[in-house]
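A structural walkthrough
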Amino acid sequence: MPILLGAIADDFTGATDLANTLRKEGMTTVQVIGVPDDSVAEPVAEADAVVVALKSRTAATDIAVAESLAALDWLRAHGAEQIVFKYCSTFDSTANGNIGPVADALMDALGADIAIVCPAFPENGRTIYQGHLFVGSQLLSDSPMKDHPLTPMRDANLLRLMDQQSARGVGLAPLSAVRRGDGALAEAFEANRSAGASYVVVDALEDADLRTIGAACSEHRLITGGSGIALGLPQNFRNSGRLAAAGAVAAPAVDGADVVLAGSCSEATRAQIAWAAENWPTRKLDADQIAAGSPVVEEAMSWADPYLGATPVLIYSSSDPDEVAAVQSRYGRDRAGEMIETAMGEIACRLIANGARRMIVAGGETSGAVVSALGVKALKIGPEIEPGVPWTETLSEPPIALALKSGNFGGPNFFGKALEMLR
Ligand code: ADP
């Protein structure tokens, strides 16, 4: 069956967030890692929606554009009728892009003459009013995003940002138009188009606004925004009889040992590690030993093997901020991160080889390292564990139940709760 909706996300955890929303709204959803090739054609055959996870947010603009276009070609060749370009709900971009240039290239390739710009994500406090993006009660430009190391956001005016980044005209559909309903909003889009705007920044304060916006965009070939805009899109396919009513989604039915790998040093993850230490065998990897070339992976495996299948085990590198700072001062921040991620990737492969089939990974970068070490190319999105984190199942042999958690997500008993869902 051809897919209905195709999405291109500019980072990995953002892709999962979008995929999770589409799944919750009733679409069978697969997340593909990197520009897809023929090896994932069969696994996605059952999907209503495919989300391609790129790493294009801060990549060189020409590479971001080329990868987005390659993803677009693949999605259209597999039937996608509507394309979502997903970026962060804080509009993370550099001075020249990459949101504007990628959106322009997608518009050109699709022959589209109108697309919304709507990063709103009310559940996380991201709202848009009079074209200005707010983070909680602050303008984006007053929020901590103003000091982001890679994408400092010093302007909250989405019209101005889009105007600087793109070659096309930009207009506004204010909240008053959204609140008059999807018919009136579609007219506001048309008025913008007639006035020469290709992009329409749309105000949104609540999920209900996002559903109205989704309905008003049913005929748009391209939609740009955060994961929130996915709330209203599946209903359009249901209205046209191409998508079945939303049903419950089963957790992955995968048997094998339970393992948790944690590389995030965030407060939430450290609380989750403390919870695990009271319930399961846990083992910490020592950054100095990794740096010294000690057989850390071998030793961790000899430790874990007797437990595999009998009890969940946790292997972690996470430390408190003082220890992390000390490790970083000894080896440099990037090298410290990289060597730990490499060790985690090797351990993940060895654990799978020794029978692990249900794996939770804590940390965005750590998840990326594990997924690439395992050679995973596609994930089927399952039920949500906690907001923003679904269970997924790898679409390759052997099937693995994977939960990839961004560091700060989840309550203290997240690991136990996640595994309980598979019982
Ligand atoms: P988060 O989602 O919380 O940002 P990430 O996995 O993205 O988590 O980032 C954590 C980074 O910290 C990774 O690069 C990881 O390898 C690194 N790291 C993990 N443990 C330590 C440690 N003890 N000292 C220094 N760096 C560490």
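Observations concerning the pairing of strand β4 (residues 82–86)
Where burial is concerned, most of β4 is hidden: 5 out of the 5 residues are buried. What you see with β4 is no split at all: Q82, V84 and K86 on one side and I83 and F85 on the other are buried throughout. Pairing of strand β1 (residues 5–9) with β4, which is carried by 5 bridges, proceeds in the parallel orientation. Following the sheet pairing, A9 is matched in β4 by K86. Summarising the sheet, β4 and strand β11 (residues 222–225) pair through 4 bridges and their orientation is parallel. Bridge pairing in β11 places V84 opposite I223.

As for the nonpolar core
In terms of nonpolar packing, the biggest core is built from 121 residues, with F91, I213, L351 and M359 touching the most fellow members. Of the residues forming this core, the biggest block, 9 residues, is contributed by helix α13 (residues 333–353). For this core, the domains that each give at least three residues are domain 1 (5–239) and domain 2 (257–420). Residues contacting F91, with those up to four places away along its chain left out, are I99, V117, P119, L133, M153, L158, L161, M162 and Q165. Grouped together as the second largest cluster of nonpolar side chains are 20 residues, A401, A403, F414 and F415 included.

Overview of the sheet that holds strand β7 (residues 132–135)
Strand order in this open sheet of 3 strands is β6-β7-β8, and the pairing throughout is antiparallel. In the strand order of this sheet, the two ends are held by β6 (126–129) and β8 (138–139), each with one partner. Bridge count for β7 against β8 is 2 bridges, and the pairing is antiparallel. Across the sheet, residue F134 finds its bridge partner in β8, namely L139.

So, the domain arrangement of the chain
By a widespread convention, an interface's size corresponds to the accessible area lost as its parts come together. Each assigned domain of the chain is listed with its residue range as follows: domain 1 (5–239) and domain 2 (257–420). One C-alpha centre belongs to domain 1, the other to domain 2, and the line joining them spans 31 Å. Counting residues at the interface gives 19 residues for domain 1, matched by 19 residues for domain 2. Regarding the contact of domain 1 and domain 2, the summed buried area is about 1500 Å², with carbon and sulfur atoms giving 64% of it. Interface area lost by domain 1 to domain 2 is led by F12, N20 and I33, which between them contribute 30%. The salt bridge involving D37 is made with K377; its shortest N-O contact spans 3.4 Å. Inspection of the region where domain 1 meets domain 2 yields 8 residue pairs in polar contact (both at pLDDT 80 or more). For the side of domain 1 that touches domain 2, the elements supplying multiple residues, two or more each, are α1 (12–24) and β2 (29–33).

Cut-off values and rules
All residue numbers here refer to positions counted from 1 along the written sequence of the relevant chain. Confidence filtering applies because this is a predicted model: local features only for residues at pLDDT of at least 70, side-chain atom pairs given and counted only at 80 or more, and all residues used for totals across whole chains, interfaces and linings. The side-chain figures draw on all heavy atoms in the structure; neither hydrogens nor water molecules are used. Accessible area is worked out with a 1.4 Å probe on protein chains only. A residue is then buried under 20% of its type maximum, exposed over 50%, and partly exposed in between. Only runs of H or I of at least four residues qualify as helices and only runs of E of at least two qualify as strands under DSSP, and these elements are numbered from the N terminus. Only when DSSP finds a minimum of two bridges between them are two strands counted as paired. The term nonpolar core refers to a set of buried residues drawn from Ala, Val, Leu, Ile, Met, Phe, Trp, Tyr and Cys, joined through side-chain atoms within 4.5 Å. Throughout the structure description, domain borders are defined by an automatic or database domain assignment. Any two residues whose heavy atoms approach within 4.5 Å are treated as being in contact. By convention, the term buried area covers the 1.4 Å-probe accessible surface removed from two parts as they join, with the contributions of both added. Salt bridge, as used here, is a side-chain nitrogen of Lys or Arg placed within 4 Å of a carboxyl oxygen of Asp or Glu. Here a polar contact means two N or O atoms within 3.5 Å. Within protein one must be a hydrogen donor candidate and the other an acceptor candidate, and residues neighboring in sequence count only if both atoms are side-chain atoms.

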